[in-house]
Amino acid sequence: MIRTDFMNFSATLTNPHLINWIAEKNKVIGYYCSSIPEEIIHAAGILPYRIRGTGNDNYILADSILSQFNCSFIKSTLNLMMGGKYDFLSGLVLANTCDHVRRIYDIFEQKINKNTKTPINLFFLSLPHVFNERGWNWVRQEIRAFQGELEKKFKIQIDEEKIIEANEVYKKNQKLMERIKEFRILDKPKLSGVDFLKINVANGSVRKEYANDQLLNLVEYYEHDFTPSNKNVRARLMILGSSIDNPGFVEIIEHHGAIVVADLLCTSERWGLVEKLWKNEKIDKTDPYFPIIQRIYADCFCPRMMNGHSLRMDLVNQKIKHDRIDGIIVQRLEFCDLHGGENMLVQHEIEEELNIPVLSIDREYLLGDTGRLRTRVEAFLERLERQ
Amino acid sequence: MRSAKPLEMLYEATETTLELINGAIPKHEMKVLRIFLQCMEVNLRTKLEQIAEGKPIIGHHFAFPAELFSCFDAVPVCIEAIPYLFSALFTLGSEKYYDIANGFGHPYHSCSSQKGMIGMALQENFIDFDVIAIPSAPCDNTIAGYQFFSEYKQIPTIVADMPYYHNSRGYEYYGIELTNMVSNLSKYLNQKPDYEKLRRSIDYSNHAIEYLAEINNLRRAIPCPIESIFNPIGSAVQNFFSGQQEKERFYKEVLEVAKERVRGKEGAAIEEKIRSFWPYMSLFFDITFAEWLDRKVGMPAVSDIFNYFFFDPIKNLKTLEPKEMINGLAYQSMEYPMVRQSESFAHVFFDDAVNLAHQFSADCAIFTAHIGCKQSTSVIQLMREVLKEEVGIPMLTIELDIGDKRMTSLETIQKKVLEFTQTLL
C-alpha cells in the first residue's frame, strides 16, 4: 500500500481493513458523535466506526421518516442505513448530543428494528449539557452502564486491563494526529485541509492499532519524503462549526489558493488536539475511565455544552494566534440550531473583538451549490488580501 | 428606573383586548379568553408594580418549575411566553423582533420563542433581568438560545442540567440540580430562601393540577364544552403564570364554565362534527384560528399535549421538608408537557398521544410541525403510523412557525385543515 492510500479510506464507507476485519468474523459498532466512549468499544475487541454520509446522493428513503426540517447529514446517514449500506454494523451507539442525532435511536427502536429480521443492537448514553463535577460522575456511570450493556449483548468481558490498553492505543493515536497536525501549520504547509480531513475520517473507520501504523507511515512520509509546492498560499484559514466528513467541502474552500491550516470540528482537529477545555483538579486521574471522560466530556467543544462558550472562544483565540490565521470560515449544516446559535455569537466576537474577518456559510450535506460557494470564498479571499 | 418595556406593552394590549371583548362580544361567549385576559391583567399589573418597587427580575424558561422563585422576593418572567403573547395580542405580532434577531445572525429555522426575545434584547428597553434560570432541556434551541443571554448580554444565567432518563436516577439528579439552583439564586439575589412561600406556591399549583384534571374529564364529553382557544391559552397560563396564584384562578374559573356547559349539554363548537386531537402545539400567531375551528368548521381541538398534566399534585405538602418539595418539583418539571415528550425517548410521546386520542374520543389528529422543534419533526411520520395503527385515526401535518405568520399563513393553514376535513366527513 502506498503511504497516502490511507487517506482514500475516506472516499467510501468500507475500506480494505474493515472488509478484512469483518471477514475474520469480527464486529463493528457505529457511533455518531465524538462524545461516544470509543475506547470501551475498542476494549471489547470491536471496531468503533464513526457514522458518515459518504456516497449518499439523495434522501428518498430517509424522507419517508424525517421531515424537511431535519439536518441533511443525519438524513444522509439514515438514507444509507435504510438502503443497507451500513449492514456491516452489529450495533449503533447514540447520545443526546443534538435533537437530530438522538432521534435516530427512536427511529431504529420504533420502526426499523421492528420491521427487520436482523434488528441492530442499540445503545444510548445520556450526556450532560454542563461542565461540573456532578456531570463528570454522571458520565462515568453512563460509560460503566454502556460497558455492561456491551458485555451483556455481545456476551463478552471487558476487564480493566483491556480498558487501560485501549487508552494507551488511543493516546498514541492522539499523539500521532498531533504530530500530523504540525505539518499543517508550517509556513509552507505540507498538508492541505482536504488531506487532513481525509486522514481524520479514515482514522474513524478502522481499528486504532491499524490507524496508528498508517499514521506513523504518514508522519515519516511528510517528514522525509514530501516536498511542499512553492506556490504562494493566498490565506491561512480556520474552519469552525458543524461536523464535516466530506472533504469535497474543504476542497471548495481551498480551490482558489487558500489553505485550511486549522479547524475546531468534532470530526477533525477537535479530536484530542486541543488543550483540555474544562479542568477539575479534584478528579481521580488514576481511574481507568479518566482519559475517556476527559476526551468525551471535559474536552467537548460542541455548543451543546451550555457553560462552555467562553472556554471555546479562548481556544479559538489561542489557535488564531498559534496557527497564524488570516480569516475564519464559520459554517453550519442547515437546521442545526446548536451551531446556529453558536455561530451567531462566534461571528460577532471574532469580528468585533479579535478583528479577524469571518465568512459565514450555511450548507447542505450534499454539495449541490458549489458555484455559489466558490464565488463567496473567492470574494472572501479578495477581502482578506485587501486587508 | 429598570426597563420592563415588553411587559408594559403586554399589559396595555391585555387591557385593550379585554375592553374590546367586554364591549363587543356577548357575555356568554369567549369565556375562556375573557378569564385569561382578566388573570393576565392582574398578573402583569402585579409584576410591573413589583418591578417598580425595585424587586429583582428572574427570567426563566417555560420548562422550569417557577414555584422555586417564590422562595425569593422577586418577579418571575417566562421568557418563551413573551414573543408568543406578542404574536397573539398584537396585530404586527413579534415579526419585527424575529427580523432583528435574524439580522444579527440568528438562524431563520430556530425557535421563534427564543428568537423573539433575542430580537427584543437587541433593542433598547428590554427587560432588565437580574438573573436567568433555565434547564438544559427540552431542545437544542434552549441550549443554543440562552447562550446569547449569558454570553452576549452578560446576564447571569444558572442552568439546571436535566438528564435524558426520566427514571429515579434522573429525577434524583435533577432534584439536586434544582437544590443547587436555589442556593445559587440565593447568592445572586442576596436573599435567604423562604420555604413557606414555596409551600404556598406549590399549593396554588396543586390546585391548578386538580382543576385541570377535572376540566379534562369534562372535555371528554360530547360535545366538548370548552372552546379550542383553551389550548393556546392554557399553554400561556402554564408558562406565564407558573407558580403564581393566577394559574389556580384561571383553571378554577374555566372549570366552572365547563361544569355549567356540560350541565346544559352545550358545546364549544356551534355544531361538533369532528373532534380533533393536537399531539403537539397550538397556533399562537392568530388566536382567531381556534374560534374558526369551533364556529366555521365544527372541529373543536379537544385535547393537546400542552394541556394535560402527566403527574399528580405534590402530596402531604404541609409536612414536607424543603428538599422534598424541591424533589417533587424536579419530578413534575421533568414530566411537564412537551418536556416529557421532547426530552426523552420518543415512545413516551407516542404513548401519550395514543392515550389522549383515546381518552378524548378523537376523530383525527393535527400535528403542527413547528420549524423550531427538530426533535418532534423527526418523529412525525412515526407518530402518524402509531395513531393510525393504535387509534385508527388519520393525522394531518402542517409545517409552520407557530409564532410567525409569514412562514405558513393563516389562510394556508385553514385551507389545509378544510381539505383534511373533506377526507373525514
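Residues numbered from 1 in each chain as written. Chains lettered and ligands numbered in written order. Predicted model: local features only at pLDDT ≥ 70, side-chain atom pairs only at ≥ 80, totals over all residues. Heavy atoms only, no water.

*Asks:* I keep staring at the overall build of chain A and nothing clicks. Help me out?
*Replies:* The helix and strand tally for chain A stands at 14 helices and eight strands. Taking 2.2 N^0.38 as the reference for a compact globule, 387 residues should give roughly 21 Å; the C-alpha atoms of chain A span a radius of gyration of 20 Å, in line with that estimate. When burial is assessed residue by residue, chain A has 63% of its 387 residues classed as buried. A separation of at least 24 residues holds for 75% of the contacts in chain A among residues at least 6 apart in sequence. Carbon and sulfur atoms make up 49% of the accessible area of chain A, which totals about 14,800 Å². For chain A, the distance from the average position of its 51 positive side-chain charges to the average position of its 54 negative side-chain charges is 2 Å. (Helix = DSSP H or I, 4+ residues; strand = E, 2+ residues; numbered from the N terminus. Rg over C-alpha atoms; globule rule 2.2 N^0.38 Å. Buried < 20%, exposed > 50% of the residue type's maximum accessible area, 1.4 Å probe, protein only. Contact = heavy atoms within 4.5 Å. Areas by Shrake-Rupley, 256 points an atom, 1.4 Å probe, with all protein chains shown as cover. Lys, Arg positive; Asp, Glu negative; His and termini not counted. Charge placed at Lys NZ, Arg CZ, Asp CG, Glu CD.)

*Asks:* Mind showing me how you'd approach the pairing of strand 3 (residues 131-135) of chain B here?
*Replies:* Each regular strand displays side chains that alternate between the two surfaces of the sheet. Counting buried residues along strand 3 of chain B, five of its five residues qualify, which places the element largely inside the surrounding structure. Traced from strand 3 of chain B through helix 6 (residues 140-152) of chain B to strand 4 (residues 157-160) of chain B, the parallel crossover comes out right-handed. (Right-handed = clockwise from strand over helix to strand, strands pointing away.)

*Asks:* Sorry, what's going on with the pattern of salt bridges here?
*Replies:* Two side chains bearing opposite charge may form a pair once their charged atoms approach each other closely. Residue and element names in this part refer to chain A. Counting across every chain of the model gives 48 salt bridges over all chains. The partner of Arg 295 in a salt bridge is Glu 39, with the nearest N and O atoms 2.7 Å apart. Placement of the pair is Arg 295 in helix 11 (residues 290-298) and Glu 39 in helix 2 (residues 38-43), with a sequence separation of 256 residues. In this pair, the class of Arg 295 matches that of Glu 39, namely buried. Salt-bridge contacts for Asp 369 lead to Arg 372; the nearest nitrogen and oxygen are separated by 2.5 Å. Its relative accessible area of 39% is what places Asp 369 among the partly exposed residues. (Salt bridge = Lys/Arg side-chain N within 4 Å of Asp/Glu carboxyl O.)

*Asks:* Hey, could you run me through helix 14 (residues 370-386) of chain A in this one?
*Replies:* Because an α-helix packs 3.6 residues into every turn, residues spaced three or four apart end up facing the same way. Residues and elements named next belong to chain A. Under the 1.5 Å per step criterion, the end-to-end length of helix 14 is 24 Å for 17 residues, consistent within 8% with the ideal 24 Å. All of the buried residues along helix 14 are Leu 373, Val 377, Glu 378, Phe 380, Leu 381 and Leu 384. Along helix 14, the residues classed as buried sweep out an arc of 160° about the axis, all on the same side. Along helix 14, the residues that are exposed and aim more than 90 degrees away from the buried face are Thr 375 and Arg 386. (Expected span 1.5 Å × (residues − 1). Arc of directions from axis to C-beta.)

*Asks:* Please clarify how the interface of chain B and chain A should be interpreted in this entry.
*Replies:* Contact with chain B, which involves 56 residues of that partner, is made by 52 residues of chain A. Counting each side, the surface lost to burial between chain B and chain A is near 4,500 Å², with a carbon and sulfur contribution of 58%. Our count for the contact surface shared by chain B and chain A stands at five salt bridges. For the salt bridge of Glu 177 of chain B with Arg 134 of chain A, the shortest nitrogen-to-oxygen distance reads 2.5 Å. Across the chain B-chain A interface, the total number found is 32 residue pairs in polar contact (both at pLDDT 80 or more). (Buried area = accessible area lost by both parts, 1.4 Å probe. Polar contact = N/O pair within 3.5 Å; in protein donor to acceptor, adjacent residues only side chain to side chain.)

*Asks:* What is the right way to look at unusual backbone geometry in this model?
*Replies:* A negative phi angle characterises most non-glycine residues, just as the trans form characterises most peptide bonds. All names here are of chain B. Of note, the bond from Ala 137 into Pro 138 is cis; its omega dihedral lies within 30 degrees of zero at 10°. Note on placement: Pro 138 falls in the loop between strand 3 and helix 6. With an omega of 0°, the peptide bond between Ile 222 and Pro 223 qualifies as cis. On the secondary structure map, Pro 223 appears in the loop between helix 8 (195-219) and helix 9 (230-240). Look at Met 338: it is not a glycine, yet its phi comes out positive at around 75°. If you trace the backbone, Met 338 turns up in the loop between helix 12 (322-334) and helix 13 (339-342). A residue is classified by how much of its surface remains accessible, and Met 338, at 3% relative accessible area, is buried.

*Asks:* Just to check I follow, could you spell out the domain arrangement of chain B for this structure?
*Replies:* For interface size, the figure often reported is the accessible area lost on association. Residues and elements named next belong to chain B. We note that the domain assignment places domain 1 (5-195) and domain 2 (201-422) within chain B. Placing the centre of domain 1 and that of domain 2 at their C-alpha centroids yields a distance of 20 Å. Tallying the contact residues gives 61 residues for domain 1 and 59 residues for domain 2. For the pair domain 1 and domain 2, the summed buried surface comes to about 5,300 Å²; carbon and sulfur atoms form 65% of the total. On the domain 1 side of the contact with domain 2, Val 32, Glu 67 and Tyr 164 bury the most area, a combined 14% of that side's loss. At the boundary of domain 1 with domain 2, the tally comes to four salt bridges. (Domains from an automatic or database assignment.)

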